[in-house]
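Report on the structure
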Amino acid sequence: MANSKFEYVKQFEQPDSLLPNTWIVVRLDGRGFTKFSTKYAFEKPNDMRALDLMNAAARSVMSELPDITIAYGVSDEYSFVFHKSCTLFERRASKLVSTIVSTFTAYYIYFWPIYFKDSKPLTPPLPSFDGRAVTYPSVQNLRDYMSWRQVDCHINNLYNTTFWALINKGGMDGTTAELMLKGTFSADKNEILFQKFGINYNNEPEMFKKGSVIFREYEMVEPETTKNGVEKEAEKANTAVPEVKSKSQLEKEKKARTKAKIVVEHLDIIRDEFWERRPWLLS
Ligand code: ATP
Ligand code: ATP
Ligand code: MG
Ligand code: MG
Ligand code: MG
Ligand code: MG
Ligand code: MG
């Protein structure tokens, strides 16, 4: 195989390794899931089985790739975050994206009969996902990315919940419902839900309102409010980490990650509290 006259074609491969020391986000999204969700009669606006299936697939991706720090999912999309120190596949974008997307897709199809046991089995065209990698140079940028996805989840879910209430409970057709919601603010939609249908949006399931966040669970830090100044300073001293981690430090962390329990939660990831109480995520 080596040194054949054909080997020169290897030179045509373009390097695609991602900028060092930046947070890598790989986001995947279901291809044509508007149609797919109709084919398998997803409940509108939120099919719980479909969301649980997405979460199960994402959880399996996380356990197969210990380099992933945290993942966030909503609807037919999932974002996976690699720590800025990650060197998996020499940070090659195509390797990272294709591995995540194919692992996720394989598990999505593997788990399908478990989560959709009363539904018809999958038939072609089978579900597939696209993927992309984006790098973020600062923790602030990364957190803004996560906040962006969660805000999107909130806005879409409030809209969809109201839209489908108007149709399913209010007997409207899609066009009329769309017209009614045109130009409305969040407060108006909350009002419509409550006045017309007695639905308090706050009581909707957390998974629908906040999406799903998956991470490795270690011992949490006390909430800010219960700590005094001395405790806070001591903590800073303990959690201050050098910019570049040693090889043995990285190995140690990897072992701990492989053993840690992976949890799926539906929490606010926009506010500081989530990150402050779980300092291992961004350190
Ligand atoms: P594309 O291939 O461009 O992503 P798409 O049809 O998948 O096209 P999206 O913007 O990704 O478009 O939208 C996802 C679609 O899947 C929406 O129509 C959404 O209602 C539907 N969907 C995804 N998850 C669920 C769910 N759990 N319950 C009900 N519908 C869902
Ligand atoms: P990497 O993740 O880096 O690709 P790898 O173990 O998959 O690691 P490859 O260079 O892709 O390494 O080699 C594929 C391996 O799978 C080889 O060891 C090859 O012998 C084995 N393999 C693939 N297809 C077959 C097959 N049809 N029959 C027997 N062995 C196979
Ligand atoms: Mg899309
Ligand atoms: Mg999609
Ligand atoms: Mg989508
Ligand atoms: Mg090969
Ligand atoms: Mg191979």
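Structure report, in brief. (Residues numbered from 1 in each chain as written. Chains lettered and ligands numbered in written order. Predicted model: local features only at pLDDT ≥ 70, side-chain atom pairs only at ≥ 80, totals over all residues. Heavy atoms only, no water.)

Structural notes on the coordination of the magnesium ion (ligand 4)
Taken together, the protein donors to the magnesium ion (ligand 4) comprise D29 (OD), G30 (O) and D76 (OD), at separations of 2.0 to 2.2 Å. In this structure, the magnesium ion (ligand 4) is surrounded by six donor atoms whose angles at the metal cover 79 to 180°, and the resulting shape is octahedral. Counting along the primary sequence, the residues that act as donors to the magnesium ion (ligand 4) give the motif D-G-x45-D. The distance between the magnesium ion (ligand 4) and the magnesium ion (ligand 3) comes to 4.0 Å. On the accessibility criterion, G30 (5% relative accessible area) is buried. (Donors = N, O, S within 2.8 Å, 3.2 Å for Na, K, Ca; no water. Tetrahedral: all angles 85-135°; square planar, octahedral: opposite > 155°, others 65-115°. Buried < 20%, exposed > 50% of the residue type's maximum accessible area, 1.4 Å probe, protein only.)

A word on the site of ligand 1
Close to ligand 1 lie 17 residues; D29, G32, F33, T34 and D47 are nearest. The backbone of P45 places a nitrogen or oxygen atom 3.5 Å from a nitrogen atom of ligand 1. At a separation of 2.8 Å, a nitrogen atom of ligand 1 approaches a polar backbone atom of D47. Relative to its unbound accessible surface of 620 Å², ligand 1 loses 67% to contact with the protein. Of all the secondary-structure elements, those providing two or more residues to the shell around ligand 1 are β1 (23-30), α1 (33-39) and α2 (48-64). With three residues, the top contributor of residues to the shell around ligand 1 is α1. Residue classes in the shell around ligand 1 are distributed as five nonpolar, six polar and six charged. (Near = heavy atom within 4 Å. Polar contact = N/O pair within 3.5 Å; in protein donor to acceptor, adjacent residues only side chain to side chain. Areas by Shrake-Rupley, 256 points an atom, 1.4 Å probe, with all protein chains shown as cover. Helix = DSSP H or I, 4+ residues; strand = E, 2+ residues; numbered from the N terminus. Nonpolar A, V, L, I, M, F, W, Y, C, P; charged D, E, K, R; others polar.)

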